[in-house]
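# A look at the structure
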Amino acid sequence: MNIDIHQSWKPYVRSEIEKPYFKDLVEFVKTEYSTHKCFPKSSDIFNAFNHSHFEDTKVVIIGQDPYHGVGQANGLCFSVNNNVTHPPSLINIFKEIKQDLGISYPISGNLMSWADQGVLLLNATLTVRAHLAGSHQKKGWEQFTDAIIETISNEKNNVVFLLWGGFAKKKKKLIDTSKHFVLETGHPSPLSANRGYWFGNKHFSKTNSLLLQVGVSAVEWKLK
């Protein structure tokens, strides 16, 4: 596994990738990719960081695992490649954006344009074996991504963290809420959304309002 991460992040991850757990993680991922079909493709593992550079990151959305279906995952949480059927959670995200902002439902589910504006679309686990959800959990990725969240909290100000669902909400303890914004709601999965825990959260308009309050440009949520 090549640690292909944008140079803006390197000063903040250098000490982390030198730790024994991360060296073990690299070996695990290399073995998995050489013996099984895994996602995303190896060149996309650090895509979240390569599109949302450290100095530009103003919003953080936390997911759990990459999609484990063929051709879906592209290294950004909740995002899929162009011409891929939208997974249920992504469908509900787009429905909420339409309800919140009046933006029409998009053709593509690729969220790259969000990332390019400074929305860090961070999965807690950055890799997965095909068709086996959670297969790369508890191998070290969570320690690495927790360190990323803490670094953003410590080194930046006025970042909006969107915590969707129970798993993401547990990350709140890593965030200094006296200097950052935290918005919490249910997960956009059908199980949660259909019980009334997702729709109507207005996180997209609220995020832009918070950013504008601190003199930071709003996110254009409409996909190109």
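In this report, the structure presented in the accompanying data block is examined. Numbers given to residues run from 1 along each chain, matching the order in which its sequence is written. Owing to the predicted nature of the model, reporting of local features is limited to residues with pLDDT of at least 70; listing and counting of side-chain atom pairs is limited to 80 or more, with chain, interface and lining totals taken over all residues. Calculation of side-chain values draws on the structure's entire complement of heavy atoms; hydrogens and water are dropped beforehand.

Structurally, the position occupied by Thr145 is in helix α6 (residues 141-155). Working rule for contacts: check all heavy atoms of both residues, and any pair within 4.5 Å makes them a contact. For Thr145, the residues in contact, after removing those within four places along its chain, are Leu122, Asn123, Ala124 and Leu126. Any pair of N or O atoms that falls within 3.5 Å is considered a polar contact. Within protein, one atom must be able to donate a hydrogen and the other to accept it, and sequence-neighbouring residues count only if both atoms are side-chain atoms. Polar side-chain contacts of Thr145 include one of 2.8 Å to the backbone oxygen of Ala124. A distance of 3.4 Å separates the side chain of Thr145 from the backbone oxygen of Glu142, its partner in a polar contact. Put simply, DSSP marks the helices as runs of H or I at least four residues long and the strands as runs of E at least two long, and each gets a number from the N terminus on.

Turning our attention to the pattern of salt bridges. Pairing between side chains becomes possible if they bear opposite charge and their charged atoms approach one another. Definition used for salt bridges: Asp or Glu carboxyl oxygen within 4 Å of a side-chain nitrogen of Lys or Arg. Going through the model one piece at a time under the given rule, you end up with six salt bridges. Between Lys30 and Glu27 there is a salt bridge, with the nearest N and O atoms lying 4.0 Å from each other. Residue Lys30 and its partner Glu27 are both found in helix α2 (residues 20-35); the two are separated by three residues, about one turn of the helix. Any residue under 20% of the maximum accessible area for its type is buried, any over 50% is exposed, and the rest in between are partly exposed; the area is computed with a 1.4 Å probe on protein chains only. For Lys30, a relative accessible area of 38% translates into the label partly exposed. With its nearest N and O atoms 2.7 Å apart, the salt bridge here joins Lys171 to Asp146. You can see Lys171 sitting in the loop between α7 (165-169) and β6 (181-185) and its partner Asp146 sitting in helix α6, a full 25 residues away along the chain.

Below, the discussion takes up the packing of aromatic side chains. Each aromatic pair joins two rings of Phe, Tyr and Trp (for Trp, the six-membered one) with centres within 6.5 Å, and gets the label stacked for planes under 30 degrees apart, edge-to-face for over 60, and tilted for any other angle. Applying the stated criterion to the full structure yields 18 aromatic pairs. An angle of 80 degrees between the planes, with centres 5.4 Å apart, marks the rings of Phe94 and Tyr105 as edge-to-face. You can see Phe94 sitting in helix α4 (residues 88-101) and its partner Tyr105 sitting in the loop between α4 and α5 (112-115), a full 11 residues away along the chain. Taking relative accessible area as the criterion, Phe94 reaches 3% and is therefore assigned buried.

As a further point, take the packing of α4 against helix α9 (residues 203-213). A fitted line through C-alpha atoms serves as each axis, taken over the contacting stretch for helices, and the angle formed by two N-to-C directions is quoted from 0 to 180°. The geometry of α4 relative to α9 is characterised by a closest axis approach of 8 Å and an angle of 60 degrees between their N-to-C directions. In terms of axis orientation, α4 runs oblique to α9. Between α4, through Ile93, Glu96, Ile97, Asp100 and Leu101, and α9, the contact on the second element is made entirely by His203, Phe204 and Ser205. Angles are sorted into four bins: roughly parallel if under 35 degrees, roughly antiparallel if over 145, roughly perpendicular if 65 to 115, and oblique for all others.

Mapped onto the elements of the fold, Thr151 is located in helix α6. The exposure class of Thr151 is buried, given its relative accessible area of 15%. When sequence neighbours within four positions are dropped, the list of residues in contact with Thr151 reads Tyr12, Phe54 and Lys156.

Here we come to the pairing of strand β3 (residues 119-123). Where a strand is regular, its side chains alternate between the two sheet faces. Counting buried positions along β3 yields five of five residues, so the element is predominantly enclosed. Neither face of β3 is exposed, since Val119, Leu121 and Asn123 on one face and Leu120 and Leu122 on the opposite face are all buried. Here, a strand pair is defined by DSSP locating no fewer than two bridges between the strands. In terms of strand pairing, strand β2 (residues 59-63) meets β3 through five bridges, oriented parallel. Along β3, the bridge assignment pairs Ile61 with Leu121.

From the geometry alone we can't say anything about function, so treat these as descriptive.
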